[in-house]
Amino acid sequence: MRLSRYFLPVLKETPSEAQIVSHRLMLRAGMIKQAAAGIYSWLPLGYKVLRNIEKIVHEEQQRAGHIPLLMPTLQPADLWRESGRYDDYGEEMLRVRDRQDRDLLYGPTNEEMITDIFRSHVGSYKELPLTLYHIQWKFRDEMRPRFGVMRGREFLMKDGYTFDLTKEDALHAYNRHLVSYLRTYERMGLQAIPMRADSGPIGGDDTHEFLVLAETGESEVFYDSEITELKFGDRTIDYDSVEQCQAVLEEFTSRYARTDETHDAAEFAKVPEARRRTARGIEVGQIFFFGTKYSESMGATVQDADGNKVPVQMGSHGIGVSRLMGAIIEASHDDKGIIWPEGVTPFHCGIVNLKQGDSAADAACEGLYAALTAKGLEPLYDDRKERAGGKFATMDLIGLPWRITVGPRGLAAGVVELTSRRTGESEEMTPEAAIDRVAQIYAGK
Ligand code: ATP
Ligand code: MG
């Protein structure tokens with residue numbers, strides 16, 4: 001993309017309505033525009049990152065064997081009357097009436113709808129296990145929408161639903177989700193710690209929330225600092241293996257890590273004092289096992305091997321796709337702007353032409369642009385007739401992890417400069433070497 005042709009409405013001023021850094025930076029970098037409280041338009045740069053986050057979520061869900069589908073945002077109230085949640089959910093639910101006087105709602109989550117799909121089409125244990133998921137907009141009329149996309153009213157969520165014959169199988173599905181979530185967050189450059197949590201209005205027995213540590217997080221968390229040393233890394237795992245998934249769950253949940261809702265001071269006191277940490281965290285996902293709560297109330301049964309009809313065992317598993325963008329920025333920025341992890345960056349690298357209109361500089365930039373594109377990468381070429389300082393400030397603000405700077409003086413010596421946004425370190429090299437280096441960085445990402 002050439003910046004002169006792109007739509008990147010960066011703001012010079014720091015918007016006063018934004019209280020936290022991720023919200024400020026998303027507004028300044030022209031990523032979002034508020035339409036109403038807690039409701040945003042995703043401008044091109046923000047939309048690109050959102051799609052990248054979504055792509056990682058899809059890939060990791062499918063790697064774990066989960067099946068994508070898409071359910072609507074509007075749901076009939078009658079389904080929620082069956083489970084009893086139409087009245088229970090309270091004011092967070094946006095209720096709508098259509099011209100035929102039928103009650104609808106904008107889905108805050110999809111347990112009822114997926115249970116309805118399941119009961120309409122599945123009747124036998126032979127069709128289990130089954131995990132269906134979608135990535136769809138949700139609406140919750142939050143009392144205090146704030147912090148930009150972090151606590152929106154309309155937000156994008158991955159919600160997946162597991163169906164199993166036995167509790168044992170359902171717990172494997174739960175563990176499998178925990179493992180796939182660890183991989184998902186790490187690919188986005190985040191450390192998200194699974195913490196024992198409270199099940200809230202969805203109800204259930206087993207549940208973990210995934211928290212990214214950040215001062216601006218809304219949850220208070222208590223943990224053993226050893227847990228921050230754990231990495232999932234690029235280990236291979238067989239998602240069908242009960243033992244392997246169980247082992248990962250044990251590894252990542254055996255140390256003390258809880259949110260304030262389930263915090264137990266006496267248990268916490270058993271952690272050696274030097275490792276006891278109290279901090280704040282952003283909830284970027286949650287996994288639940290809740291058994292037969294919906295399948296019993298909504299009649300979702302399957303026939304077991306003996307021909308008995310039994311309610312199916314269920315779990316639901318969410319990832320805050322749009323909130324993740326805020327969480328990534330909270331975890332990765334400096335005073336100049338955002339620093340995107342390579343896994344989600346909107347463009348792979350920036351090209352800054354120090355002297356637009358200089359024929360050698362223009363030709364070198366065009367050459368870099370074409371070569372990077374040919375390697376399947378997407379560069380953002382700042383081809384505007386602007387001062388170099390302004391170009392650097394824009395690149396730093398929007399946070400591309402790599403920048404190639406091209407100027408007549410360097411070119412005379414046969415070099416361009418490759419700069420890391422994270423470390424600020426620059427290295428001179430030939431244009432060919434810069435192309436190879438950038439391609440190498442993104443190989444396999
Ligand atoms: P919270 O406690 O933050 O209100 P929740 O526990 O009600 O969230 P879940 O039902 O577990 O949310 O939804 C799954 C994920 O969706 C959450 O882990 C979070 O990342 C995201 N999410 C929930 N509410 C919002 C919101 N208002 N804006 C953006 N993302 C949200
Ligand atoms: Mg939650």
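Residues numbered from 1 in each chain as written. Chains lettered and ligands numbered in written order. Predicted model: local features only at pLDDT ≥ 70, side-chain atom pairs only at ≥ 80, totals over all residues. Heavy atoms only, no water.

Rolled over the atoms, a probe sized like a water molecule indicates the empty space that remains. Estimated volume of the largest pocket: approximately 970 Å³. Residue lining of the largest pocket: 42 residues in total, with Arg-140, Glu-209, Glu-283, Gln-286 and Arg-323 positioned closest to the centre. Looking at the lining of the largest pocket, the elements that each hand over two or more residues are strand S8 (154-164), strand S13 (276-291) and strand S16 (313-320). Here the lining of the largest pocket takes 7 residues from S13, the largest share from any one element. Considered class by class, the residues forming the lining of the largest pocket number 13 nonpolar, 15 polar and 14 charged. Its volume calculated, the second largest pocket comes out at about 600 Å³. Looking at the second largest pocket, it is lined by 28 residues, and the ones nearest its centre are Glu-342, Gly-343, Val-344, Tyr-442 and Lys-445. Among the secondary structure elements, those contributing two or more residues to the lining of the second largest pocket are helix H2 (44-63) and helix H6 (167-187). If you tally residues by element for the lining of the second largest pocket, the top one is H2, at 5 residues. Counted by class, the lining of the second largest pocket contains 11 nonpolar, 7 polar and 10 charged residues. (1 Å grid on protein atoms, 1.4 Å probe; cavity = no way out; pocket = protein on both sides within 12 Å on 5 of 7 lines; lining within 4 Å. Points joined across faces, edges and corners; volume = space filled by probe spheres on them. Helix = DSSP H or I, 4+ residues; strand = E, 2+ residues; numbered from the N terminus. Nonpolar A, V, L, I, M, F, W, Y, C, P; charged D, E, K, R; others polar.)

What follows covers the sheet that holds strand S5 (residues 94-97). Ordered in space as S4-S6-S5, the 3 strands form an open sheet in which the pairing is antiparallel. Of all strands in the sheet, those bounded by a partner on one side alone are strand S4 (74-76) and S5. Ignoring strand direction, the axes of neighbouring strands in this sheet form an average angle of 35 degrees. Sheet topology note: the S4/strand S6 (residues 103-106) ladder contains 3 bridges and is antiparallel. Paired with Pro-76 across the strands is Leu-104, a residue of S6. (Pairing = 2+ DSSP bridges. Axes fitted to C-alpha atoms, helices over the stretch in contact; angles between N-to-C directions.)

What surrounds ligand 1 is a group of 14 residues, the closest being Arg-140, Glu-142, Arg-151, Gly-152 and Glu-283. In this structure, Glu-142 approaches ligand 1 through a side-chain N or O atom, which is 2.8 Å from a nitrogen atom. Between ligand 1 and Arg-323 there is a distance of 3.0 Å, counted from an oxygen atom to a side-chain nitrogen or oxygen. Contact with the protein chains covers 84% of the free accessible surface of ligand 1, which is 580 Å². (Near = heavy atom within 4 Å. Polar contact = N/O pair within 3.5 Å; in protein donor to acceptor, adjacent residues only side chain to side chain. Areas by Shrake-Rupley, 256 points an atom, 1.4 Å probe, with all protein chains shown as cover.)

Now for the pattern of salt bridges. A full pass over the atoms with the stated rule returns 33 salt bridges. Arg-187 is paired through a salt bridge with Glu-59; the nearest N and O atoms lie 2.7 Å apart. With Arg-187 in helix H6 and Glu-59 in helix H2, this pair connects stretches of sequence that are 128 residues apart. The exposure class assigned to Glu-59 is partly exposed, which follows from its relative accessible area of 32%. (Salt bridge = Lys/Arg side-chain N within 4 Å of Asp/Glu carboxyl O. Buried < 20%, exposed > 50% of the residue type's maximum accessible area, 1.4 Å probe, protein only.)

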